[in-house]
There are 2 protein chains.
Amino acid sequence: MLNYLNNRKTIRKYTKEDIDQNLLNEMITAACQASTTGNMQVYSIIETRDQKMKEKLAPCHFNQSMVTEAPVVLTFCADFNRFNKWCRQRRAEPGFDNFLSFMTAAIDAIIAAQTLCVAAEAKGLGICYLGTTTYMAEKIIEILELPESVVPVTTVTLGWPAEDPEQLDRLPLKAVMHREKYCNYSEQEIDMYYSEKEAREDSKQFIEENKKETLAQVFTDIRYRKEDNETFSKLLLKVLKTQGYM
Amino acid sequence: MLNYLNNRKTIRKYTKEDIDQNLLNEMITAACQASTTGNMQVYSIIETRDQKMKEKLAPCHFNQSMVTEAPVVLTFCADFNRFNKWCRQRRAEPGFDNFLSFMTAAIDAIIAAQTLCVAAEAKGLGICYLGTTTYMAEKIIEILELPESVVPVTTVTLGWPAEDPEQLDRLPLKAVMHREKYCNYSEQEIDMYYSEKEAREDSKQFIEENKKETLAQVFTDIRYRKEDNETFSKLLLKVLKTQGYM
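Just so it is clear, the model here is predicted, and its values are computed rather than measured.

**A look at the pairing of strand 1 (residues 43-48) of chain A**
Across a regular strand the side chains alternate sides, sitting on one face of the sheet and then on the other.
Moving on, step 1. Summarising burial for strand 1 of chain A: six of the six residues are buried, a large majority.
Moving on, step 2. Of the two faces of strand 1 of chain A, the one holding Tyr43, Ile45 and Glu47 of chain A and the one holding Ser44, Ile46 and Thr48 of chain A are both buried throughout.
Moving on, step 3. Where strand 1 of chain A and strand 5 (residues 177-179) of chain B come together, three bridges link them in parallel fashion. Within strand 5 of chain B, the position partnered with Ile46 of chain A by the bridge is His178 of chain B.

As structure tokens, then:
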């Protein structure tokens, strides 16, 4: 099992082969056995197979090709709507219209998403997470007709692999683990932990293509710019308000 | 593999047997191969083995016995601190002091946490998530000495199972899945989807023990009260501000 986890790669190109509905249901059933806060299951999964719906969603994900090319796109949502409805039908007044409850539901949704990804990869499927979901939550809510108390938190594209990319590097274990207390990083440690990543050919190419001096600058000046992060932060906080979580 | 996922149960009682450090490292290495936004790995894992540290953490988790009884407690944190340090050492100005970046890092942390849980269960270990982490983030930050840009988002206790509880029920697949668009629930659907849960003996016992009329009331009036959710929401938002994410 650890072999699966250790050897996985994100897959962005898929064959035209469909994903059988029974197989998908089987994987989602398994994902639903993962931990969930107080066994409330405060998440929902929206399955997109219709090509027109994929085309509507694509701009929300900056037109990354996986959205229209994957046979299945799954949007994982923090969802207290179903639970609230149940409470109200059972003479119970729910108090989940707040930020803590959003976080609870978001964590539930991500746990389900990642378990689904593990299940999918074990079945030979390829997956790709779309981080754009939190950026464009407002538009996704409109397209998928998400009611109050439902907020999309991540999207996964699923398909049979049509590529076999090299596995990406990861930081050394020591860089992400701390014993007993957080041991803040010295300059030397930062240099050491990032040296392997910086020495890679693809990193060097990345810097050159983007006409930057350092790999870090590609992240801060091009991929994840402060001004974009601030714009999308405002949008996301607005969404939490309109969906009833603030 | 789906068998593992389908048959899992949360384990709250552990034997006194320790977890070998090599085994733990092997599992965390596997967890680190899971997806992470832009390969930034904006999370950290704090490993607690020291009994005194467990006793300090225990009140943050409402003194649930797993914290002091599990051989290993792992606190998963959203962490842009390491990445920010790297950027600044490489003439790049990071722009991650905002809510969107917190969500990105929190999602990264949960994906790593859940992959670790899958790996641990495959190795025969039992796990339990502690949802209290977001409630008591402020105190956990103090105990684990988390610097700015580091926020604990979930905690997992790990140990060799000393119990074999019954598997908990889950809602039917249809209750959590939506095809193409969110199909909001009718009263009849809510009744149907929750009927199995409500018919269970343990649910009935739960209602009786708590002197309530319905199972939903146990959730709203005792387990997850509006006033507590609101108090902890304020605390968590304050933490995001002091840690530099607002």
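**Focus: the pairing of strand 2 (residues 72-79) of chain A**
Residue and element names in this part refer to chain A.
Moving on, step 1. Most of strand 2 is tucked away, with eight of its eight residues classed as buried.
Moving on, step 2. Of the two faces of strand 2, the one carrying Val72, Leu74, Phe76 and Ala78 and the one carrying Val73, Thr75, Cys77 and Asp79 are both buried.
Moving on, step 3. Across six bridges, strand 1 lies against strand 2 in antiparallel orientation. Bridging from a neighbouring strand, Ile45 pairs with Phe76 of strand 2.

**Some remarks on the interface of chain B and chain A**
Moving on, step 1. The interface of chain B with chain A comprises 118 residues on the first partner and 118 residues on the second.
Moving on, step 2. Buried area between chain B and chain A, summed over both chains or domains, comes out near 10800 Å², and the portion from carbon and sulfur atoms is 62%.
Moving on, step 3. Between chain B and chain A we count 12 salt bridges in total.
Moving on, step 4. Linking chain B to chain A there are 79 residue pairs in polar contact (both at pLDDT 80 or more).
Moving on, step 5. Its residues assigned to classes, the side of chain B that touches chain A shows 60 nonpolar, 31 polar and 27 charged.

**Quick word on the packing of helix 2 (residues 21-31) of chain A against helix 6 (residues 99-122) of chain A**
Residue and element names in this part refer to chain A.
Moving on, step 1. In contact at an axis separation of 8 Å, helix 2 and helix 6 are set at 130° when each is read in the N-to-C sense. The pairing of helix 2 with helix 6 is recorded here as oblique in orientation. In the crossing of helix 2 with helix 6, the sense of the turn from one axis to the other is right-handed. Where helix 2 abuts helix 6, its residues Met27, Ile28, Ala30 and Ala31 lie against Ala112, Thr115, Leu116, Ala119 and Ala120.
Moving on, step 2. For the contact of helix 2 with helix 6, a count of residues per class yields eight nonpolar, one polar and no charged.

Rules used in this analysis
Residues numbered from 1 in each chain as written. Chains lettered and ligands numbered in written order. Predicted model: local features only at pLDDT ≥ 70, side-chain atom pairs only at ≥ 80, totals over all residues. Heavy atoms only, no water. Buried < 20%, exposed > 50% of the residue type's maximum accessible area, 1.4 Å probe, protein only. Helix = DSSP H or I, 4+ residues; strand = E, 2+ residues; numbered from the N terminus. Pairing = 2+ DSSP bridges. Contact = heavy atoms within 4.5 Å. Buried area = accessible area lost by both parts, 1.4 Å probe. Salt bridge = Lys/Arg side-chain N within 4 Å of Asp/Glu carboxyl O. Polar contact = N/O pair within 3.5 Å; in protein donor to acceptor, adjacent residues only side chain to side chain. Nonpolar A, V, L, I, M, F, W, Y, C, P; charged D, E, K, R; others polar. Axes fitted to C-alpha atoms, helices over the stretch in contact; angles between N-to-C directions. Parallel < 35°, antiparallel > 145°, perpendicular 65-115°, else oblique. Left-handed = near helix turned anticlockwise from the far one by under 90°.

In short, geometric facts, not functional conclusions.
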